[in-house]
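Chain residues, written in single-letter form:
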Amino acid sequence: MKKIVLVLFIGLLGFGLTAQENVAKIKFKTETVDYGEIAKGSDGVRIFEFTNTGDAPLVISKVSSSCGCTIPKKPEGPILPGKTGQIQVKYDTNRVGPIAKAITVISNADTPTKVLKIKGKVLPAEGK
C-alpha cells in the first residue's frame, strides 16, 4: 500500500512539473514605435505586432497607457502557440509637441508585464 501511494505521489509530482513547462511567451517585433515627425491631426494609429512563442495559449488581460492621450486596444481572444496578434495604439495627434508614452501589457506569459513605448513629435499645422 505504501508503495502504491509513493508511486501515485511521484506520478502526480511529475505531472505537475510537466504542466508548468507549458507556458505562453510573448515576443514583440519591436517594443518601441517611432512616429517620427508627423503633422498635427494626422493618423495616430500604430500597431505593435507580437507572436506567442510559447506552447500554451496567450491571454492578454489588460493593456493601459501612461496618459489619456494614448488609447490602446488589445486582442479579444487567446493567441494560440505560434500565432501572431496585434495591439493597436492610437495617439491624439492634435497635441503638438514631443511624444514619449508607455503602454503596459499584462498577460499570462512567462514575463507577465511588458512595457511598450511610442515616441516622436507632432508638428504644428502649417501657417500657425
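Rules of the game
Residues numbered from 1 in each chain as written. Predicted model: local features only at pLDDT ≥ 70, side-chain atom pairs only at ≥ 80, totals over all residues. Heavy atoms only, no water. Helix = DSSP H or I, 4+ residues; strand = E, 2+ residues; numbered from the N terminus. Buried < 20%, exposed > 50% of the residue type's maximum accessible area, 1.4 Å probe, protein only. Contact = heavy atoms within 4.5 Å. Disulfide = S-S within 2.5 Å.

Going by the annotation in an unreviewed UniProt entry, the name recorded for the chain is DUF1573 domain-containing protein, with Arenibacter palladensis given as the source organism.

1. Side note on the overall build of the chain
Scanning the chain for helices and strands turns up one helix and eight strands. Along its sequence from the N terminus, the chain presents helices and strands in the succession α-β-β-β-β-β-β-β-β. Taking all 128 residues of the chain together, the buried fraction comes to 27%. Of the contacts formed within the chain by residues at least 6 apart in sequence, a portion of 66% connects residues at least 24 apart.

2. Some details on the state of the cysteines
Considering all chains together, one arrives at one disulfide under this definition. Each sulfur in the disulfide pair Cys-67 and Cys-69 lies 2.2 Å from the other. Disulfide Cys-67-Cys-69: the torsion about the S-S bond is -70°, which places it as left-handed. We classify Cys-69 as buried; its relative accessible area is 5%.

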